[in-house]
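Each chain, written out:
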Amino acid sequence: MALTLPVDPAANDLLNRDPLALLIGMTLDQQIPLEKAFSSPYVLAERLGHAPDAHELAGCDPEALVAVFAQPPALHRFPKAMAARVQEVCRVLVERYDGDASRLWADVTDGRELLSRITGLPGFGTQKAQIFLALLGKRFDVQPPGWREAAGGYGDPEAYRSVADITDAESLRRVREYKKQAKAEAKAKAGKG
């Protein structure tokens, strides 16, 4: 299995072979289209001249990193905040996993432990962590016991709820449909309260 998003094939290739790039894409996946979030690690690699490295990003001068994120086209609509977030995530990776993003999910005993590790990252609340857990399980065969349950509805094999479920144009359409419906339901619920 692999990730196949509607982005540059080189960006997909980087996401599929580089765990840190994948984690950075997930970190950036908020308030921008998923295509932008998951292609930005590739653009970051181009700007750095090499694949992202957690030790380098964790120790980078914050202003210099913001400049890399803000360079047109910016890697995110909030380049300053997201450069800081990526740096925070990389610092946690360095402190807890020797800078190796794949160690985040290596040797976990079950899905609950993996979810706990992911929610321990800056900016990863329960929903975002469940989506990333589902992405790891569905696209990268990271399937510790109980991973689907820990991923909540995002672990459902028949779901079309998140980036974890995108394999082609049709699945992307279905995920977008689901998100649009969920947003409308949340808006309607908020209007009743």
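Quick summary incoming for the structure in this document.

Let us look at the packing of helix 1 (residues 9-17) against helix 3 (residues 34-48). It is at 8 Å that the axes of helix 1 and helix 3 come closest, and there the two elements cross at 90°. For the element pair helix 1 / helix 3, the angle class is roughly perpendicular. Counting all contacts with helix 1, which are made through A10, A11, L14 and L15, the residues of helix 3 involved are F38, S39, P41, Y42 and A45.

It is worth spelling out helix 10 (residues 169-192) at this point. With 24 residues, helix 10 extends 35 Å between its outermost C-alpha atoms, agreeing within 8% with the 34 Å of an ideal straight helix rising 1.5 Å per residue. Looking at the buried side of helix 10, the elements it contacts are helix 3. Measuring from the side-chain oxygen of the N-cap residue of helix 10 to the backbone nitrogen of E170 gives 3.2 Å; that N-cap residue is D168.

Two measures define how a pair of helices packs: the angle their axes make with one another and the distance between the axes. Two numbers describe how helix 2 (residues 19-28) lies on helix 3: the axes approach to 7 Å, and their chain directions differ by 130°. The orientation of helix 2 with respect to helix 3, classified from their angle, is oblique. Every pair of crossing elements has a handedness; the one defined by helix 2 and helix 3 is right-handed. Across the interface between the two elements, A21, L22, I24, G25, M26 and L28 of helix 2 pack against A37, F38, S40, P41 and L44 of helix 3. Residues that form the contact of helix 2 with helix 3 fall into these classes: nine nonpolar, two polar and no charged.

Okay, the side chain of D18 next. Secondary-structure assignment places D18 in the loop between helix 1 and helix 2. One buried charged residue, D18, remains without a salt bridge, the closest side chain of opposite sign being R17 at 5.3 Å. Reaching out from D18, the side chain makes a polar contact with the backbone nitrogen of A21 at a distance of 3.0 Å. Ignoring anything within four residues of it in the chain, the contact list for D18 reads A51 and P52.

The next subject is helix 6 (residues 79-97). Here helix 6 contains 19 residues, and its C-alpha end-to-end distance of 26 Å stays within 8% of the 27 Å for a straight helix at 1.5 Å per residue. Residues of helix 6 that are buried include every one of P79, M82, A83, V86, Q87, V89, C90, V92, L93 and Y97, and no others. Against helix 2, helix 4 (54-59), helix 5 (62-70) and helix 7 (111-119) lie the buried residues of helix 6.

Below, the discussion takes up the pattern of salt bridges. Within the structure shown, the criterion is met by eight salt bridges. D165 is the partner of K138 in a salt bridge, and the nearest nitrogen-oxygen pair spans 2.4 Å. Linking K138 in helix 8 (residues 126-140) with D165 in the loop between helix 9 (147-150) and helix 10, this pair joins segments that are 27 residues apart in sequence. Just as K138 is buried, D165 falls in that class too. The network of salt bridges with shared partners includes E170, R173 and E177.

Let us now look at the packing of aromatic side chains. Evaluation of the coordinates by the stated rule reveals two aromatic pairs. Ring geometry for W105 and F132: centres 6.1 Å apart, planes at 65°, overall edge-to-face. Separated by 27 residues along the polypeptide, W105 in the loop between helix 6 and helix 7 and F132 in helix 8 bring together distant segments of the chain. For the pair W105 and F132, one class covers both residues: buried.

Moving on, we get to the nonpolar core. Most often, soluble globular proteins keep nonpolar side chains buried together rather than apart. The biggest cluster of nonpolar side chains holds 60 residues, and the ones touching the most others in it are L5, L23, F38, I118 and F132. Per-element tally for this core: the top contributor is helix 6, with eight residues. Each residue touching L23, except ones within four places of it in the same chain, is listed here: V89, L93, A101, L104, L121, F124 and F132.

About the thresholds
Residues numbered from 1 in each chain as written. Predicted model: local features only at pLDDT ≥ 70, side-chain atom pairs only at ≥ 80, totals over all residues. Heavy atoms only, no water. Axes fitted to C-alpha atoms, helices over the stretch in contact; angles between N-to-C directions. Helix = DSSP H or I, 4+ residues; strand = E, 2+ residues; numbered from the N terminus. Parallel < 35°, antiparallel > 145°, perpendicular 65-115°, else oblique. Contact = heavy atoms within 4.5 Å. Expected span 1.5 Å × (residues − 1). Polar contact = N/O pair within 3.5 Å; in protein donor to acceptor, adjacent residues only side chain to side chain. Left-handed = near helix turned anticlockwise from the far one by under 90°. Nonpolar A, V, L, I, M, F, W, Y, C, P; charged D, E, K, R; others polar. Buried < 20%, exposed > 50% of the residue type's maximum accessible area, 1.4 Å probe, protein only. Lys, Arg positive; Asp, Glu negative; His and termini not counted. Salt bridge = Lys/Arg side-chain N within 4 Å of Asp/Glu carboxyl O. Phe/Tyr/Trp six-rings, centres within 6.5 Å; stacked < 30°, edge-to-face > 60°. Core = buried A, V, L, I, M, F, W, Y, C linked by side-chain atoms within 4.5 Å.

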